[in-house]
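Take a look at the letters that make up each chain.
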Amino acid sequence: MSIESVSRESRVFPPPASFSERAHLKTREEYEAMYQRSIEDRDGFWREQAEAFHWFEAPETICEWTPPHAKWFVGGKTNLAYNCLDRHLGTRGNKAAIIWEGEDGEVITLTYRQLHRDVCRAANAMEKLGVGAGDRVGIYMGMVPEAAVIMLACARIGAIHTVIFGGFAADAIRDRLNDAEAKLVVTQDGAWRRGKVIPLKAQVDKAITDCPTVKHTLVVKRAQNEIDMEPGRDKWWHDMMAVVSGKHEAPALDSEHPLFILYTSGTTGKPKGVLHTTGGYMVGTTLTSKYVFDLRDEDVYWCTADVGWITGHSYIVYGPLSNGATALMYEGAPNHPDEGRFWEMIERHGVTIFYTAPTAIRAFIKWGERWPMEHDLTSLRLLGTVGEPINPEAWIWYRNVIGRGECPIVDTWWQTETGGMMLTPIPGVTPTKPGSCTLPFFGVSPKILREDGTEAEANEGGLLVIDQPWPSMLRTVWGDDERFRQQYFSKFEGKYFTGDGARRDEDGYFWVMGRVDDVVNVSGHRLGTAEVESALVGHKAVAEAAVVGRPDELTGQSLVAFVTLKGGFSGGDALKAELIDQVGQEIGKFARPSDVRFADGLPKTRSGKIMRRLLKQLAAGVTDLGDTTTLEDASVLDKLRQ
Ligand code: WT7
C-alpha cells in the first residue's frame, strides 16, 4: 500500500530580481554547485564552512559516522557562547543583539556587549551555585531576555540546558527534570500572557518536591507576584547577578560536548530527550540562518516561536546571534491588546525578516485583513514559515497581505531532531511553489522510500528519510540510546527516518504531507490529512480545518473534519454539504470527509500544534480523553464534545 499524494498545486513564484541581486546566494547555479560539493565532498565542504568560526583547537576529523552515531568536527575545541558573543565584540559590540519587547510594551535592547556581560555574570553565578560542565540545568521561563542569557551562559560553561516550555504543568516539569537529573532550575516569579500572570515559580515548587537532584532554583523577578522562596535553596537572579563579575573566560569545550537536551513527544507517553552537541549544531544553525534568512547586518529579524521549542533555540538564540544579527524577542500573545499587535510591532521596530508558523497565519486570516492593513509593513523583505505543512491558500494570503506580493517565502521543513533546517528554499535562488518546502539545504541527502526500502518515483508518496549524517543532527535520546536507535534508525537500517510522509515532484521539490501517524487510510487509499485540510481551507468560509481518521466498518477509516469558520459565516447542513463537495472536487470522491463538525476553535498545544490525538478520540466517540494538560484552551474540548 502506498501513501497517496493528492495535492494539485502548480503555481511557481521565482525570487524577485531585486532580492536576488543583493542576496548572499544569487543564482540557481551557485546553489547547485555548493549543494553538489556538499554531497560529493562532504568533509571538504564542512571543513571549509567551519573555518568561519572560532576554534580554540581546529578539528582533525570532520565527520565520524558509525550509524546511528555521528561525531562532527572531532578533536575541535570551541565554545558556542564565545562564537555568539565574544567573537562579535570587536566588530559589533554596540549593535543590538536582542531587542526584547514585553507584553506591556516595555522595550529593552541588549547590545552584543551588554548581552556578553550578562551572560558572563550568569555563568559566574551558576558556577557559584556549584554548576559546572556536564551538569544539567532546567529552564522553565517565559519569553524574557534572561531566558536567552541563561541558555548562553549554560553553553558558555558547558552545562547542558533543558528548556521546558512555560506551558507545561508541574508533573511534566518533574518528569523532565528527573529524566535529565537536573541540578539547578532557572525560572521566574510569573510570566505575562494576555495581561494575566502565569505563576511559573509555583509550578516549579510543586514539581521539585519530587526531584531529588535539584539543589537550587534561580528566580527572575518579572511579574512581582507573591511567591515562596525556600531559604538556602531558592536564589533571586538579581541578587546573584549583583555579586558576581561581568568577566568570564569561555572554556574550550570539545566539539562533541553536549549542548542541550530538548524533550519532544513521541508515540509513547514518555517524552524523548533529544540531545544536541556543540560544534555540529553551531555550524548547522549558523549556516542555515545565514543562507535561508539571507541575514545581513542591517536586518531586524523576528522569529515568533517560544524558546521552549527547538525553533526558539536554533532561530531566536543560537543561529542569529552566531551570525551577529539583531533578533527581536516578544514576550506575549499575538492578540494582546488586540489582533494588530504583530503588525504594529513590525512597523515600530522596522522588522525585515519575519518567521512564524502556519497555524499563526491561519489565525491572522481568521482575524481579518483589516489588522495588517492598518500598518506599514514595507520594512519586510523576507517571510518564513515552520512547524507544519502550509496550505497553499494560507501561503498565498501570507505572500499577498503580509508580503505585498513581493517578499519571498521560505517554507522550512525540519524537526527538533534535525537541529536546523533541512528542506528549504534559498530566498534569492529558489522559485517557490505554495505548499512545498522545495529543496534540500547543503549537506542534506533526503530520500523518499517505500515501505520496502526502495525509492519512490517522482510524485509517488512515501516515507521521508535522510540517508547521510549532517552536522546538527541529534546524537542520541538522553539516557536511552536503544530508543534512539529504534525510533530513528531501525525502520531503514542506518538511515534516519523522519516519521513524515512526503513526495518529490518532477522538479525534485519536496512536499511534506505530515506525520505518517496522521496518514489516514480510506478504502485502501492512504491520504495525508494535511492535503484534505488544504482543500477545505480553500473554501471561502473556512478559517482552519483539522482532519482525522476514525474507524469505519466499511472503509477501514473515514475522515472527520473539524472546521472553524471565518467571521460572517455560520455552519449548517448546506455548508457541510458544500465543504464535502469541495474536497470531492479538489481531490476525489474517496477523500471526502464523512462528517464535518463546526467549532469555535481547535484543541491546540500552547505551541500552536493541533492536538490530533484528541480530535481522533472525539471523532471516534471516546469519552475519556486522557492527558489534556498541554492544551492552550481547555474549554475548546467541551464545545467540540457537544
Ligand atoms: C514536525 C517536527 C521544526 C521546528 C518546529 C517543529 C512538521 C515542520 C514543516 C514544514 C511540513 C513541517 C513535520 C515534522 N513540520 N516544519 N515546513 N512543512 N511539515 O518541530 O515539534 O520537532 O515537529 O513538524 O511533521 O516532522 P517538531
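Residues numbered from 1 in each chain as written. Predicted model: local features only at pLDDT ≥ 70, side-chain atom pairs only at ≥ 80, totals over all residues. Heavy atoms only, no water.

## Concerning the domain arrangement of the chain
Each assigned domain of the chain is listed with its residue range as follows: domain 1 (41-354 + 362-380 + 473-492) and domain 2 (523-641). Taking only C-alpha atoms, the centre of domain 1 and the centre of domain 2 are 34 Å apart. Taken together, the 8 residues of domain 1 in the interface contact 11 residues of domain 2. Summed over both partners, the interface of domain 1 with domain 2 comes to about 860 Å²; 57% of that surface belongs to carbon and sulfur atoms. (Domains from an automatic or database assignment. Contact = heavy atoms within 4.5 Å. Buried area = accessible area lost by both parts, 1.4 Å probe.)

## Some thoughts on the packing of aromatic side chains
Taken as a whole, this structure holds 38 aromatic pairs when the rule is applied. With centroids separated by 5.8 Å and ring planes inclined at 85°, the aromatic side chains of Y291 and F442 adopt a geometry described as edge-to-face. Of this pair, Y291 sits in helix 10 (residues 278-292) while F442 sits in the loop between strand 22 (409-412) and strand 23 (446-449); the two residues are 151 residues apart in sequence, bridging distant segments of the chain. For the pair Y291 and F442, one class covers both residues: buried. Taking 4.8 Å as the distance between ring centres and 75° as the angle between the ring planes, the aromatic pair formed by W343 and F364 counts as edge-to-face. Of the two residues, W343 is situated in helix 12 (residues 341-349) and F364 in helix 13 (residues 358-367); the sequence distance between them amounts to 21 residues. Since its relative accessible area comes to 1%, W343 is described here as buried. Every member of this aromatic cluster is reached through a ring pair, and the members are Y31, Y35, F45, W46, W55, W72, F73, Y291, F441 and F442. Taking the ring centre of W236 as reference, the NZ or CZ of K221 above it sits at 4.7 Å. (Phe/Tyr/Trp six-rings, centres within 6.5 Å; stacked < 30°, edge-to-face > 60°. Helix = DSSP H or I, 4+ residues; strand = E, 2+ residues; numbered from the N terminus. Buried < 20%, exposed > 50% of the residue type's maximum accessible area, 1.4 Å probe, protein only. Lys NZ or Arg CZ within 6 Å of the ring centre and 35° of its normal.)

## Re the site of the ligand
Close to the ligand lie 16 residues, the nearest being D411, T412, Q415, T416 and D500. E388 places a polar main-chain atom, nitrogen or oxygen, 3.4 Å from a nitrogen atom of the ligand. Measuring from a nitrogen atom of the ligand, one finds a backbone N or O atom of P389 at 3.3 Å. Protein burial of the ligand: of its 560 Å² of free accessible surface, 88% is covered by the chains. Of all the secondary-structure elements, those providing two or more residues to the shell around the ligand are helix 11 (310-322), strand 22 and strand 27 (510-515). Its residues assigned to classes, the shell around the ligand comprises 6 nonpolar, 5 polar and 5 charged. (Near = heavy atom within 4 Å. Polar contact = N/O pair within 3.5 Å; in protein donor to acceptor, adjacent residues only side chain to side chain. Areas by Shrake-Rupley, 256 points an atom, 1.4 Å probe, with all protein chains shown as cover. Nonpolar A, V, L, I, M, F, W, Y, C, P; charged D, E, K, R; others polar.)

## So, the sheet that holds strand 5 (residues 77-78)
Sheet architecture is open: 3 strands sit in the order 2-5-15, paired in antiparallel fashion. Each end of this open sheet is capped by a strand with a single partner; those strands are strand 2 (55-57) and strand 15 (253-254). Note that strand 5 and strand 15 share 2 bridges and pair antiparallel. By the bridge assignment, T78 is partnered in strand 15 with L253. (Pairing = 2+ DSSP bridges.)

## A look at the packing of helix 7 (residues 170-180) against helix 8 (residues 200-208)
Packing of helix 7 against helix 8 brings their axes to within 8 Å, and their N-to-C directions diverge by 55°. Between helix 7 and helix 8, the angle is such that the two are oblique. Here the hand of the crossing between helix 7 and helix 8 comes out right-handed. Contacts between helix 7 and helix 8 involve A170, I173, R174 and L177 from the former and Q203, K206, A207 and I208 from the latter. Class assignment for the residues of the contact of helix 7 with helix 8 results in 5 nonpolar, 1 polar and 2 charged. (Axes fitted to C-alpha atoms, helices over the stretch in contact; angles between N-to-C directions. Parallel < 35°, antiparallel > 145°, perpendicular 65-115°, else oblique. Left-handed = near helix turned anticlockwise from the far one by under 90°.)

## Structural notes on the side chain of K201
Following the sequence through the fold, K201 ends up in helix 8. In this structure K201 comes out as buried when scored by relative accessible area, which is 0%. Engagement of the side chain of K201 in a polar contact is seen with the side chain of D234, the distance being 2.9 Å.

## A few points about the nonpolar core
L115, Y318 and F442 are the most contacted members of the largest nonpolar core, which totals 118 residues. Here Y318 is in contact with L80, C84, M151, L152, A155, H161, L259, Y281, T285 and H313, once residues within four sequence places are set aside. Residues L328, F342, I361 and W395 belong to the second largest nonpolar core, which totals 31 residues. (Core = buried A, V, L, I, M, F, W, Y, C linked by side-chain atoms within 4.5 Å.)

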